[in-house]
Amino acid sequence: MKVSKMYAPTLREVPSEAEIPSHQLLLRAGFMRKSTNGMYTYLPLAWRVIKKIENIIREEMDHAGCQEIMMPIMQPAEIWKESGRWDAYGAEMVRLKDRHGHEYCLGPTHEEMVTTLVKNDVRSYRQLPLNLYQIQDKFRDERRPRFGLMRSRDFIMKDGYSFDRDEAGLDVSYKAMYDAYDKIFTRCGLNFRPVEADSGAIGGTGSHEFMVLADSGEAEITYCTKCDYAADIEKAELYPIEAPAEEMQPLTEVETPHCKTIDDVSAFLNAPVEKSIKAVAYQCEKGL
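Keep in mind it's a predicted model, so treat the numbers as computed, not measured.

Draft legend 1. Seen up close, the overall build of the protein. Counting its secondary structure elements, the protein contains seven helices and twelve strands. Put simply, the protein has 288 residues, and 26% of those count as buried. Put simply, 53% of the contacts in the protein that link residues at least 6 apart link residues at least 24 apart.

Below, the structure is given as structure tokens:
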């Protein structure tokens, strides 16, 4: 298609509601248009990019032995009440009734739906393991959707669900998905880091988030520069570090010629400046 025929209306000025660079560029370059607060229409350029990303995801999921399905976005209240999350999920979940008075929700996630699906069809452990995924719209009524596609209310999600015979099988499936996500983010050319995370409303004993490193994000992570530990700020665990035992040396006088400052003495004696008496006293005085 010729560029002159492409539907990609550009903007000269930065829209007032766009706070971060990605949001500004997507609007100005004609990739999307705002429909209402937290909801966007994807224009042809954006849709082509989304399709390429979806193809990468499908290739890696299929390679890992997963099977793609498609579940409805509107889910019956009964399965959510059975799991106990109908009232616990919070205001982010939109609840509604049809003309017959039956209760539904716009799916913020699909654990209840896929569990009900598999429960009704899988009769034996011999049918396991089973790993299903979908790429589909989700709706979460975010309180302040203000960063464009980041934390929008209507968004596209790839969500996957594994069903295993035992915990050992679960560990195998988890590792396969961890590796698949690593390949997906790498193929997309992103600067990312897997971090330990809080499982939130989904529950469970362990969770990782693949975080794209950017100045415009709202989430904060902690990580170690000497090992592979990294965690979301809400999940990070701190442990006291015991100082190495040091043998006390006898008190002696040492000449320090031409040393006028603590730094001079520290360099002359080849001793850490933070261990000098004056430095410790200064830090205590300043509350450091």
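Draft legend 2. Structural view of the pairing of strand 7 (residues 130–139). Counted residue by residue, strand 7 has nine buried out of ten residues, so it is predominantly covered. As paired strands, strand 3 (residues 67–68) and strand 7 are joined by two bridges and run parallel to one another. Within strand 7, the residue paired with Glu68 across the bridge is Tyr133. Looking at chain direction, strand 7 and strand 8 (residues 154–163) are connected through ten bridges and run antiparallel. Looking across to strand 8, one finds that Phe139 is bridged to Asp154.

Draft legend 3. How the structure looks around the pattern of salt bridges. By the definition in use, this model includes 13 salt bridges. A salt bridge links Glu111 to Arg85, with the shortest nitrogen-to-oxygen separation between them at 3.0 Å. Here Glu111, found in helix 4 (residues 111–119), pairs with Arg85, found in the loop between helix 3 (77–83) and strand 5 (94–97); they are 26 residues apart in sequence, far enough to count as distant. On the accessibility criterion, Arg85 (10% relative accessible area) is buried. Linking Asp159 and Lys138 is a salt bridge whose minimum nitrogen-to-oxygen distance equals 3.1 Å. With a gap of 21 residues between them, Asp159 in strand 8 and Lys138 in strand 7 connect regions that are remote in the sequence. Comparing Asp159 with Lys138 shows no difference in burial state: the two are buried. Because the salt bridges share partners, they merge into one network encompassing Lys51, Glu54, Arg58 and Glu68.

Draft legend 4. Summary view of the nonpolar core. Ranked by size, the top nonpolar core spans 16 residues in total, and within it Trp80, Trp86, Met93, Val114, Val118, Leu130 and Phe163 carry the most contacts. Going through the elements one at a time, helix 3, helix 4, strand 7 and strand 8 are the ones with two or more residues in this core. Sequence-distant contacts of Trp86, defined by excluding residues within four places in its chain, comprise Ala77, Trp80, Lys81, Met93, Arg95, Glu103, Tyr104 and Cys105. Cys66, Ile135, Phe192 and Phe210 belong to the second largest nonpolar core, which has twelve residues in total.

Rules used in this analysis
- Residues numbered from 1 in each chain as written.
- Predicted model: local features only at pLDDT ≥ 70, side-chain atom pairs only at ≥ 80, totals over all residues.
- Heavy atoms only, no water.
- Helix = DSSP H or I, 4+ residues; strand = E, 2+ residues; numbered from the N terminus.
- Buried < 20%, exposed > 50% of the residue type's maximum accessible area, 1.4 Å probe, protein only.
- Contact = heavy atoms within 4.5 Å.
- Pairing = 2+ DSSP bridges.
- Salt bridge = Lys/Arg side-chain N within 4 Å of Asp/Glu carboxyl O.
- Core = buried A, V, L, I, M, F, W, Y, C linked by side-chain atoms within 4.5 Å.

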